[in-house]
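# Fold and contact review
Letter by letter, the chains look like this.
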Amino acid sequence: MHGGHISPMMSDALVILGAAGIVIPLFARFRITPIIGFILVGLLVGPYGLGRAVFEYEWLTHFTITDPERLEPFAEFGIILLLFTIGLELSFNRLWELRKLVFGLGALELLVIGSLLAAVLSMMGQYWTGALGLGLALAFSSTALVLPIAGTKTPVGRAALSMLLFEDIMIVPIIFLLGALAPYAAAEGMTGLFDTIWQGLLVVAVMMVVGRFALPRLFALAARAKSPELFLAASLMVVIGASLATAIVGLSPIFGALIAGLLIAETEYHTEVEGIIEPFKGLALGIFLITVGMGIDLTTIWANLWTILAAVVGVLVLKAVVTGVLLRLMGARRGTATETGILMASPSETTLIVLAAATQAMLIQPGTAQFWQIVTAIGLTITPLLAMIGKHVGKKVDPAPTLDEAGMKDGEPRVIVIGLGRVGRLVCQMLKRHDQPYIAVDADGDMIDLARRDGYVALFGNAARGDILDKLGMHDCPAVILTMDEHILAQRLVRKLRSAHPDLPIIARARDSVHAAELYRSGATVAVPETLESSLQLSEAVLVELGVPMGPVIASIHEKRDEFREKIQREAELEHKPQLRTSTAGPEDI
């Protein structure tokens, strides 16, 4: 800032921070992904939006970004942080488990879609080298958008991750291939490719060896200092250093960030690192999405509306169909294949990089590149919409199983477990161990899919709808167990069940003693406050390790638990103290 004037970079920073401050809470309020909001902000404040009027209205310079190139380094850093956090969620063991999907499904998806798109473009008059470059560029799917939507632990997320990992690995070879196809550059292109491969393998090997020994010591020092700032500095140093190391030898910097994340995931500090990096990743990803919105020129789209729409629909349909068919051939369920195919249908931020490389290699004309850049920007913009469509269509083509398919015979009384997260799974395991028939219900289709693969008797359904529970045989149900952590929903369900079934045993998971009292008031037979019991057991373990005799420890634990029982009894207005059973419970607790 000089002489009262704000520098362009400072002005851009204020616009971005202001956009983040408005978009994130506003869209969260309406439960809409902020991805759409950031893209719309980019469209509004970019050179094709309000930026057009800055020469006429100079004051708009403080609310617009007229030079998107200034934001590109920040957008690239956002994608680097995204791949770093994906690496933190994985591990080398888990990556090894995905090797068949990565190099089988991932390779097939990229090569088949790239070849088909190249063939179609070649038949439309594009020279074969340019058609190949365009086909490979459009075959990429968006890592930056798909993985935050799908996650990495659901069937859809795992399938998407395997394909996206292969695409990330293939970025550099494809760019070198385009260079080899350029006029008079074939020999240099292939030589450069071989040099990059052996140098890249050497750098990755060094990173893995050094990282396994150095990273635990580095983060141990940061942990001993008890300084979040030092932890953040160490994390950024690792991810930036790894990205630079791979970039120097010609590999993609995002590949180095992924390796850094995988290495830290093997240490005991990965949870802390992930929590510290998360806010920065979200903001940097927002910058990337704003740059995507800035690339959308509505006047150009309007002038070529039908051609652009035909191109967008053609690319989306071809990619969705091919991806879905390949997943079905690999053994995926119809719902998973359909949802993943539609989610992966749009082009990627990497498409823009490959288009630039193809243009630089003179394989395609600048006007052609600009046309497909608009198609890519539109595809990125509608990715959240594709995700919603894919989830809806996936449920239609692969509907919820019937009671017989879920392993439940009509008329057979079973305990109903509502919620199939970590707590619900453990409850089901214990019921099975003691030969108690059960049926688990959850509204998360992916969670049900995983549970049924693991042998649980599970059914997709929204327990808030009374007809689902009635179909499960509430009239002779031995008990209902609520394990979800949404405390408001739990209270409503308890109240609804108690009203319809006055004698039904209802055992509910509570967050703490206050929530337990609320559940008792709603009609729960037993409410188990998980934080209370875990805290008491933790206190017991600490006191015993410190050398306090076991007798006084157990006595004090019972005394403290009795205080909470009295508190719950008072707040819930119960006639008797509630039962709290644990491994150390005494006769007075039973």
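What you see is a predicted model, and the numbers here were worked out from it, not measured in a lab.

## A closer look at the overall build of the protein chain
- The helix and strand inventory of the protein chain stands at 25 helices and six strands.
- The buried share of the protein chain, reckoned over its 590 residues, is 49%.
- Of all intrachain contacts in the protein chain linking residues separated by at least 6 positions in sequence, the fraction that spans at least 24 positions is 69%.
- Element-wise, carbon and sulfur atoms account for 65% of the exposed surface of the protein chain, whose accessible area totals about 29100 Å².

## Quick word on helix α18 (residues 383–397)
- With 15 residues, α18 should reach 21 Å at 1.5 Å per residue; the first-to-last C-alpha distance of 21 Å fits that figure.
- Looking only at α18, the buried set comprises T383, P384, L386, A387, G390 and G394. Take α18 and look down its axis: the buried residues cluster within an arc of 150°, on one side only. In α18, those exposed residues whose orientation departs by more than 90 degrees from the buried face are M388 and K396.

## Some remarks on the environment of R158
- Checked against the element boundaries, R158 lands in helix α8 (residues 155–181).
- Residue classification places R158 among the partly exposed positions, given a relative accessible area of 26%.
- Between the C-alpha atoms of R158 and L98, which are 60 residues apart in sequence, the distance is 8.2 Å.

## Considerations on the side chain of E109
- For E109, the location among the structural elements is in helix α5 (residues 99–123).
- Of the buried charged residues, E109 lacks a salt bridge, with K319 as the closest side chain of opposite charge at 5.5 Å.
- Apart from the residues within four sequence positions on either side, E109 is in contact with A139, S141, M163, E167, T323, L326 and M344.

## Thoughts on the environment of M294
- Mapped onto the elements, M294 comes out in helix α12 (residues 270–294).
- For M294, a relative accessible area of 2% puts it in the buried group.
- As a C-alpha pair, M294 and G46 span 248 residues in sequence and 4.6 Å in three-dimensional space.

## Brief notes about the pattern of salt bridges
- In this structure the tally under the stated criterion is two salt bridges.
- K391 serves as the salt-bridge partner of E339, at 3.6 Å between the closest nitrogen and oxygen. Separated by 52 residues along the polypeptide, E339 in helix α15 (residues 334–343) and K391 in helix α18 bring together distant segments of the chain.
- For E339, a relative accessible area of 12% translates into the label buried.
- Residue classification places K391 among the partly exposed residues on the basis of a relative accessible area of 38%.

## Considering the packing of aromatic side chains
- Taken as a whole, this structure holds three aromatic pairs when the rule is applied.
- Residues F371 and W372 carry aromatic rings whose centres are separated by 5.2 Å and whose planes lie at 90° to one another, so their mutual orientation is edge-to-face.
- For W372, a relative accessible area of 10% puts it in the buried group.

## A word on the sheet that holds strand β2 (residues 438–442)
- Taken in spatial order, the six strands make up an open sheet running β3-β2-β1-β4-β5-β6, and their pairing is parallel. For this open sheet the edge positions go to β3 (458–460) and β6 (526–529), each flanked by a neighbour on one side alone. Averaged over all adjacent pairs, the angle separating strand axes in this sheet is 20°, with direction ignored.
- Of the strand pairs in this sheet, strand β1 (residues 415–418) and β2 are connected by four bridges, and their pairing is parallel.

## Observations concerning the nonpolar core
- Core analysis: the largest hydrophobic core is formed by 118 residues, its most contacted members being F84, F219, I264, V273, F288 and W372.
- Ranked by residues supplied to this core, first place goes to α8 with eleven residues.
- What I264 contacts, discounting residues up to four positions off in sequence, is F84, L88, L215, F219, V238, H270 and V273.
- Membership of the second largest hydrophobic core comes to 43 residues, among which are I418, Y438, A490 and L519.

Calculation notes
Every chain is numbered on its own, with residues counted from 1 as its sequence reads. This being a predicted model, a pLDDT of at least 70 is required before a residue's local features are given, and a value of 80 or more before pairs of side-chain atoms are given or counted; all residues contribute to the totals for chains, interfaces and linings. The side-chain numbers reported here are obtained from all heavy atoms of the structure, hydrogens and water having been left aside. Numbering of helices and strands starts at the N terminus; helices are DSSP runs of H or I of at least 4 residues and strands are runs of E of at least 2. Think of it in three bands: with a 1.4 Å probe and only protein chains considered, a residue is buried below 20% of the maximum accessible area for its type, exposed above 50%, and partly exposed in between. Should any heavy atoms of two residues lie within 4.5 Å, those residues are considered in contact. Under the convention used here, a 1.4 Å probe and the Shrake-Rupley method define accessible areas, while residue burial counts only the protein chains that appear. In a helix, the anticipated span is given by 1.5 Å times the number of residues less one. The directions considered for the arc run from the helix axis to the C-beta atoms. The charged-residue count follows a simple rule in which Lys and Arg add positive charge and Asp and Glu add negative charge, with His and chain termini not counted at all. What makes a salt bridge here is a side-chain nitrogen of Lys or Arg within 4 Å of a carboxyl oxygen of Asp or Glu, nothing more. Only Phe, Tyr and Trp rings take part, Trp by its six-membered ring, and two of them pair if their centres are within 6.5 Å. Stacked means planes under 30 degrees apart, edge-to-face means over 60, and tilted covers everything else. Only strands joined by at least two bridges in the DSSP assignment are considered to pair. Angles here are taken between N-to-C directions and fall from 0 to 180 degrees, while the axes themselves are lines fitted to C-alpha atoms, restricted in helices to the stretch in contact. As used in this record, nonpolar core signifies buried Ala, Val, Leu, Ile, Met, Phe, Trp, Tyr and Cys residues forming a set joined through side-chain atoms within 4.5 Å.

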